[in-house]
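Notes for the structure review
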Amino acid sequence: MRSDQNISFTCISGRRISLPTRAFDIPVGLKPLLSQLSHERREALRLNKDNLTADELTASVANLSFVDVDNSILADASTHPTGLIRVGELNAQRGRYWCEIALQIRETPALAAVDIWLLNEFDLGMARSQQRHTARLLAYALGLNYAWATEFIELSNGNRQEQLKTRGEHNLYGLHGNALLSRWPLTNGTVLRMPGMAKLFHGRPKDGDTAFGYEKRLGLRKLQRFRDNDELRFSMRSFADADGVQNFHVIARGDPPRWLNTSFPRIFWWDETQLLNRLRSQRGISKPLDFQNTPPLARRAKKQDILSGWVGKLLVN
């Protein structure tokens, strides 16, 4: 049967990986959503000739919060975990390199031992990631069950660099989402969408949260900063006992969270906007700067502390 056949797939890097043919299938449950997302429909959403709000546009797309689940990949797994559970988190930045990620995980014992993966930024039907269902492919490559859901609909080909690389190409579906991978069955998946995402649809050229106006999105949860959801606190706690860590440098927009004692001698708080403006002034740069693409700062970033944009960075030395 077709579902039992394996094919050899060539990664972007040139390495090869064997996958069952069904890994490349689009699940039947997703089709009611995908059938609404033709290029013409997405263009109509982008142009918004009826001048609807971003929330109204999002509500016009049925099944946007459908959770795509496949528990057949590791069907012989036990129903409930016992003993130690290893959990890993991965931001794949579009999932374009899902194949290379899978090979790295498989070849690294500590990563191969992870039982549950929390995954961010995995495309489905985006030109920048070869139109693939990237989370599904990673799940099959690792032999783990998965649940994936749409975070937002991309109404452009992405940021400026991604648009240049995919010039002349159209997204097949234009979806971007998050996922869970698990050694055990995943059930009762639900997507919680919060209000307040209009900024990511009405982005302007000087707006860093929408890649300076290049990205146009629908369906995103409310943009939350680490001071609201404690991601920075978690990250600092994770690094606190790491060997060789002497200082914490936090680069972020806005004021520090109230729980953070910035007078502590090992903690340094830097305002991202002021830092980059100072750098622009010193070097005579007229265009906006993004922290992630500003060497040598980008090389020192140890972790993103926000899942929905370049809002905060934690550096350690």
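To keep things clear, this report deals only with the structure shown in the data block. (Residues numbered from 1 in each chain as written. Predicted model: local features only at pLDDT ≥ 70, side-chain atom pairs only at ≥ 80, totals over all residues. Heavy atoms only, no water.)

Attention now goes to unusual backbone geometry. A positive phi is found at Asn48, a non-glycine position, where the angle reads about 50 degrees. Within the element layout of this structure, Asn48 appears in the loop between α2 (39-47) and α3 (54-59). (Helix = DSSP H or I, 4+ residues; strand = E, 2+ residues; numbered from the N terminus.)

Let's shift gears to the nonpolar core. The tendency in soluble globular proteins is for nonpolar side chains to be buried side by side. Ranked by size, the top nonpolar core spans 43 residues in total, and within it Ile17, Trp117, Leu138, Trp148, Leu175 and Leu181 carry the most contacts. Where this core is concerned, the elements lending two or more residues are β2 (16-20), α1 (31-34), β4 (87-94), α4 (98-107), β5 (116-124), α6 (134-142), β6 (145-154) and β7 (175-182). A per-element tally of this core places α6 first, with seven residues. Apart from the residues lying within four places of it in its own chain, the contact partners of Ile17 are Ile7, Ser8, Phe9, Cys11, Cys99, Ala102, Leu103, Arg106 and Ala141. (Core = buried A, V, L, I, M, F, W, Y, C linked by side-chain atoms within 4.5 Å. Buried < 20%, exposed > 50% of the residue type's maximum accessible area, 1.4 Å probe, protein only. Contact = heavy atoms within 4.5 Å.)

Turning to its location among the elements, Pro20 is positioned in strand β2. Separated by 11 residues in the primary sequence, Pro20 and Phe9 have C-alpha atoms spaced 9.9 Å apart.

Taken as a whole and assessed by the stated rule, the structure comprises two aromatic pairs. Ring centres of Phe9 and Trp98 lie 5.2 Å apart, and the angle between their planes is 35 degrees; this geometry places the pair in the tilted category. Residue Phe9 is located in strand β1 (residues 6-10), and its partner Trp98 is located in helix α4; the two are separated by 89 residues in the primary sequence. The burial state of Phe9 is the same as that of Trp98; both residues are buried. Ring pairing ties together the aromatic residues Phe9, Phe24 and Trp98, which thus form one cluster. (Phe/Tyr/Trp six-rings, centres within 6.5 Å; stacked < 30°, edge-to-face > 60°.)

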